[in-house]
Amino acid sequence: MTDALVALTVFGGLMMLIPSVFAASKEFVYSPAGFLAAVGGDPLVALVSPLVSHLAQIGIFSAAFTAIFLLIAGRFLERAVGGMGIMVLMVAGLYGGALARLLLTPASVTPGFSPSGGLFAIIGAYLMLYGVPRGLPVKANGGRAVQIATIAAIWAALQLVFAVVAGGVDFSVQIIEPLGGLVVGAALARPVLAWRYRRA
């Protein structure tokens, strides 16, 4: 399942290089304001928009970055939670990131050309089940939740620094959506693991 997600991610990144596909995708990718507008008119478009955002990635470098992290964390995680568990975590993360944006930045019109909610859900679940890799500036004796929160804070601070240097930051897309997915992944890791073995 991880390999299938990687292939789907790379395919989506390649398709977005086609100008007509990129232009058409703008109508379907997720944004909080767009979601609220679509709910009243076309609820199906609103419902699937977080899923569309996984495919509609700007640039092959974004797709490659996502694919690499999926390969690193996803394969290890799939051994524990299985293929269905990986899919549940990915989809839950996409919607968790979208929900975080909707609750915290409902007026945002920035389209989410990114699978960051789903990707960070995979990373959050990996950290919850396997622990924090050595070498990261996190206390080893802290609980998993505390360690993940520390890593998230460090990552968010770095994102802010890079964004300021680049000339601006969109908190809704660059900070809130990934952290929403991370929280969902960390919260669901053990329930999904238990669910797999109850089904075995």
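For the structure itself, look to the data block above.
A few points on the structure.

Quick word on the overall build of the chain
Moving on, step 1. When helices and strands are counted, the chain shows 8 helices and 0 strands.
Moving on, step 2. When the helices and strands of the chain are listed from N to C terminus, the series reads α-α-α-α-α-α-α-α.
Moving on, step 3. Taken against the 2.2 N^0.38 rule, which gives 16 Å for 200 residues, the C-alpha radius of gyration of the chain at 17 Å falls within 12% of a compact globule.
Moving on, step 4. With the principal axes as the frame, the chain shows a C-alpha extent of 45 × 45 × 30 Å.
Moving on, step 5. Looking at the chain as a whole, 42% of its 200 residues qualify as buried.
Moving on, step 6. Pairs at least 24 apart in sequence give 77% of the contacts found in the chain among residues at least 6 apart.

A word on the pattern of salt bridges
Moving on, step 1. For the structure on display, the rule yields 2 salt bridges.
Moving on, step 2. With a closest N to O distance of 2.8 Å, Arg75 and Asp3 form a salt bridge. Here the residue Arg75 occupies a position in helix H5 (residues 60-104), and Asp3 occupies one in helix H1 (residues 2-15), the gap between them amounting to 72 residues.
Moving on, step 3. When its relative accessible area of 43% is taken as the criterion, Arg75 is described as partly exposed.
Moving on, step 4. Arg101 is paired through a salt bridge with Glu177; the nearest N and O atoms lie 3.9 Å apart.

Description of the environment of Val21
Moving on, step 1. Its location among the elements puts Val21 in helix H2 (residues 19-25).
Moving on, step 2. Val21 has contacts with Met15 and Met16, leaving out every residue within four places of it along the chain.

Some points on the nonpolar core
Moving on, step 1. Residues Leu70, Leu77, Val81, Leu89 and Ile122 are the most contacted members of the largest nonpolar core, which totals 28 residues.
Moving on, step 2. Elements with a minimum of two residues in this core: H1, H5, helix H6 (116-130), helix H7 (144-166) and helix H8 (171-199).
Moving on, step 3. The element contributing the most residues to this core is H5, with 10 residues.
Moving on, step 4. The contacts of Leu89, once residues within four sequence positions are left out, are Leu77, Val81, Ala121, Ile122, Ala125, Gly185, Leu188, Ala189 and Val192.

Quick notes on H1
Moving on, step 1. Over its 14 residues, H1 extends 20 Å from the first C-alpha to the last, a length consistent with the 20 Å expected when each residue adds 1.5 Å.
Moving on, step 2. Considered for burial, the residues of H1 that qualify are Thr2, Leu5, Val6, Thr9, Gly12 and Gly13. Along the axis of H1, the buried residues cluster in a sector spanning 130°; they form a single face.
Moving on, step 3. Lining the buried residues of H1 we find helix H4 (43-55) and H5.

Details of a nonpolar patch on the surface
Moving on, step 1. Residues Leu14, Leu17, Ile60 and Phe61 make up a contiguous nonpolar surface patch of roughly 430 Å² in combined accessible area.
Moving on, step 2. Mapped onto the elements of the fold, Leu17 is located in the loop between H1 and H2.
Moving on, step 3. When its relative accessible area of 52% is taken as the criterion, Leu17 is described as exposed.

Details of the packing of aromatic side chains
Moving on, step 1. By the definition in use, this model includes 4 aromatic pairs.
Moving on, step 2. Pairing Tyr30 with Phe35 gives two aromatic rings, centres 5.9 Å apart and planes at 55°, and the pair type is tilted.
Moving on, step 3. On the basis of an interplanar angle of 65° and a centroid distance of 6.4 Å, the ring pair of Phe76 and Tyr126 is categorised as edge-to-face. One end of the pair, Phe76, is in helix H5; the other, Tyr126, is in helix H6, with 50 residues separating them in the sequence.
Moving on, step 4. You can call Phe76 partly exposed: its relative accessible area is 37%.

Examining the packing of helix H3 (residues 32-41) against H4
Moving on, step 1. Orientation of H3 relative to H4, taken along the N-to-C sense of each, is 145°, at an axis distance of 6 Å. Residues Phe35, Ala38, Val39 and Gly41 of H3 form the contact with H4, whose participating residues are Pro43, Ala46 and Ser49.
Moving on, step 2. Among the residues making up the contact of H3 with H4, the classes are represented as 5 nonpolar, 2 polar and no charged.

Each value, and the rule that gives it
- Residues numbered from 1 in each chain as written.
- Predicted model: local features only at pLDDT ≥ 70, side-chain atom pairs only at ≥ 80, totals over all residues.
- Heavy atoms only, no water.
- Helix = DSSP H or I, 4+ residues; strand = E, 2+ residues; numbered from the N terminus.
- Rg over C-alpha atoms; globule rule 2.2 N^0.38 Å.
- Buried < 20%, exposed > 50% of the residue type's maximum accessible area, 1.4 Å probe, protein only.
- Contact = heavy atoms within 4.5 Å.
- Salt bridge = Lys/Arg side-chain N within 4 Å of Asp/Glu carboxyl O.
- Core = buried A, V, L, I, M, F, W, Y, C linked by side-chain atoms within 4.5 Å.
- Expected span 1.5 Å × (residues − 1).
- Arc of directions from axis to C-beta.
- Patch = residues over 30% accessible without salt bridge, like charges linked within 9 Å, V, L, I, M, F, W, Y side chains within 5 Å.
- Areas by Shrake-Rupley, 256 points an atom, 1.4 Å probe, with all protein chains shown as cover.
- Phe/Tyr/Trp six-rings, centres within 6.5 Å; stacked < 30°, edge-to-face > 60°.
- Axes fitted to C-alpha atoms, helices over the stretch in contact; angles between N-to-C directions.
- Nonpolar A, V, L, I, M, F, W, Y, C, P; charged D, E, K, R; others polar.

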